[in-house]
Structure formats: structure tokens, C-alpha cells
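# Summary of the model geometry
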Amino acid sequence: MAYVFTPPETPSVSVAGTDQRFPVRRIFCVGRNYAEHTREMGGDPDRELPFFFTKPADAIVESGTEISFPKATNDLHHEVELVVAIGKEGENIPVSDAKEHIFGFAVGIDLTRRDLQKIAKEKGRPWDSGKAFDQSAPCGAITPATEIKNIENAKIRLTVNDDTRQSATISDLIWTIDEVISVLSESFILMPGDLIYTGTPAGVGPLSIGDHVLGHVEGLASIDIRLTS
């Protein structure tokens, strides 16, 4: 097969403790999946069905990377999240079978151009301009699920310049990891390589050039980024 130009490399994330790479196929993100964050964004945290948006696979940024402050925004926000890496194909997955489809877990940051997202919301438009931009999906190394115990009770935290901005426990999720996988699989055939950013706790806020951002989930490799001009 002859391409008109050389295809780009497949985006990938490192697998903790190995020299292997996890090829990224798609990135799904869950909106408003922690009650306190839902309230701070003006929503109702009752268990209505979760909603999803996407980011391009090449928005992935690995830990230790310097990120250029994105274009077209004056209000860039951080949103730390537990990331689920899918390792087995499935559709209409029962909640009871969801764990069989998980390859591993990582900690990610859903970077958001909040001003552009707000405009899109007000006009009833898609969120792509606020969510799906270049370098908008930092993600730490993936730890295989077989090496993680009790991820549901792990603490999740984000610091900016050593100041804690977000702090919660994965058990605070409105929709559990298994429920998110099940609901998402009703609309999409989940495939190996898919990543699911499962939602962010309260405390989201603005970032500035020069900020050092660290995302943590207990038992997982951290995500470490710096913002440059």
C-alpha cells in the first residue's frame, strides 16, 4: 500500500516496570462523575446516566513533558483523573464482566480550555474546542490491573507548584469504574487500546505559564508536567 505521506507513529503510553508500550486507539472521557465537582460546575450530582466526550489519541502527553500553553485560551484548567486502559474487545458488557476488559490503570490530566468550553455550552455546541486540543491528555505510565489491589479505595490528588488543588478517593465516583465501562460499551464497541478518563474531583482551577503540575493516584505512577510559553 502506498500512502501519500508517511503515516504518523501510533500514540502510546509506557507500561510501568517494563519496556512495553500501550498503543492508544481512542480516548473517552466521562463528564461530571464526582458529586462535589458536579456541584462546583453548577450541575446536579444525582445518578443520571453518565455522558462522554472524546479526545484524539495524539493528545496524549507522557510524564516529564514540558507542554506549551495552548493557543486560543486565557483560562486553562487542570482536571486530574483515574484512567482505565482497555485490553479486551467488548460491547454491551455487563457490570459483572467489566473487570475482564481492563488491562490496567494510570493517572491522567484532562486539560481544559474552560473559556472555550463555556462558550460552547452556552451556544449548545460540541465541546471539542475546549477539550480536544493538542497535548490535552497527559497520562502517566499504565500499571497492569493484576498488580493493583483495591483501586476503588485509592486516593487521587493533584498539586500545582506543591499546592494541593484536588483531593478525593476513587470510591467517591458517582458511577463506578465497572459501571462506566458497561454504559460506554452500550454505545461503542470497546477495543484494546482505548483509554477511559473516568472523571475529576472538585477543585479544578486555572493554570499559568511556569506551573509544575503533578497528578497522583495511590499505587500508580504519577503524571508530571510543566507549562511553558
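Above: the structure in question.
Conventions we followed
Residues numbered from 1 in each chain as written. Predicted model: local features only at pLDDT ≥ 70, side-chain atom pairs only at ≥ 80, totals over all residues. Heavy atoms only, no water. Helix = DSSP H or I, 4+ residues; strand = E, 2+ residues; numbered from the N terminus. Buried < 20%, exposed > 50% of the residue type's maximum accessible area, 1.4 Å probe, protein only. Contact = heavy atoms within 4.5 Å. Pairing = 2+ DSSP bridges. Axes fitted to C-alpha atoms, helices over the stretch in contact; angles between N-to-C directions. Salt bridge = Lys/Arg side-chain N within 4 Å of Asp/Glu carboxyl O. Polar contact = N/O pair within 3.5 Å; in protein donor to acceptor, adjacent residues only side chain to side chain.

### Things to note about the overall build of the protein chain
- Counting its regular elements, the protein chain contains 4 helices and 18 strands.
- On the principal axes, the C-alpha backbone points of the protein chain span a range of 50 × 40 × 35 Å.
- Taking all 229 residues of the protein chain together, 50% fall into the buried category.
- Counting only contacts in the protein chain whose residues sit at least 6 apart along the sequence, the fraction spanning at least 24 positions is 76%.

### Considerations on the sheet that holds strand 10 (residues 112-113)
- One open sheet holds the 3 strands; their spatial order is 10-7-16, and the pairing between them is antiparallel. Where the open sheet ends on each side, the last strands, each with one partner, are strand 10 and strand 16 (205-206).
- Bridging between strand 7 (residues 76-78) and strand 10 involves 2 bridges; their strand directions are antiparallel. Among the inter-strand pairings, His-77 is bridged to a residue of strand 10, identified as Thr-112.

### Quick word on the environment of Pro-23
- Within the secondary structure, Pro-23 is located in strand 2 (residues 21-23).
- Of the residues examined, Pro-23 reaches a relative accessible area of 47% and is grouped as partly exposed.
- The spatial distance from the C-alpha of Pro-23 to the C-alpha of Ile-142 is 11 Å, given a sequence separation of 119 residues.
- Apart from the residues lying within four places of it in its own chain, the contact partners of Pro-23 are Thr-10, Pro-11, Ser-12 and Gly-193.

### Points about the pairing of strand 18 (residues 223-228)
- The alternating pattern of strand 18 places Ile-223, Ile-225 and Leu-227 on a buried face, while none of Asp-224, Arg-226 and Thr-228, on the opposite face, is buried.
- Pairing of strand 6 (residues 65-68) with strand 18, which is carried by 4 bridges, proceeds in the parallel orientation. Counted as the bridge partner of Thr-65 is Ile-225 from strand 18.
- Sheet topology note: the strand 17 (residues 212-217)/strand 18 ladder contains 4 bridges and is antiparallel. Among the inter-strand pairings, Gly-215 is bridged to a residue of strand 18, identified as Ile-223.
- What sits between the antiparallel neighbours strand 17 and strand 18 is a turn of 5 residues, in which Gly-219 has the positive phi angle 85°.

### What to know about the sheet that holds strand 14 (residues 163-169)
- Read from one edge of the open sheet, 5 strands run 6-18-17-13-14, paired in mixed fashion. With partners counted over all chains shown, the strands left at the sheet margins are strand 6 and strand 14, one partner each. Across the sheet, the mean angle from the axis of one strand to that of its neighbour is 20°, orientation sign disregarded.

### Overview of the pattern of salt bridges
- For the structure shown, the criterion picks out 11 salt bridges.
- Put simply, Arg-114 and Glu-79 hold a salt bridge, and the shortest N to O gap is 2.7 Å. Of this pair, Arg-114 sits in helix 2 (residues 114-123) while Glu-79 sits in the loop between strand 7 and strand 8 (80-86), and the two are 35 residues apart along the sequence. Accessibility classification places Arg-114 together with Glu-79 in one group, the buried group.
- For Lys-88, the salt bridge goes to Glu-100, with nearest N and O atoms at 3.5 Å. In this pair, Lys-88 sits in the loop between strand 8 and strand 9 (102-109) while Glu-100 sits in the loop between strand 8 and strand 9, placing the two residues 12 residues apart along the sequence.
- Several salt bridges converge on common partners, so that one network encompasses Lys-55, Glu-79, Asp-110, Arg-114 and Lys-131.

### As for the side chain of Asp-194
- The topology assignment puts Asp-194 in the loop between helix 4 (177-184) and strand 15 (195-197).
- Accessibility expressed as a relative area gives 0% for Asp-194, which makes it buried.
- Here the side chain of Asp-194 touches Arg-26 through a polar contact of 2.8 Å, side chain to side chain.
- Of note is the side chain of Asp-194, whose polar atom sits 2.8 Å from the backbone nitrogen of Met-191.
- Apart from the residues within four sequence positions on either side, Asp-194 is in contact with Phe-22, Arg-25, Arg-26, Phe-28, Val-84, Ala-85, Ile-86 and Ile-189.

Interpretation note: all reported values are geometric properties and have no functional meaning in isolation.
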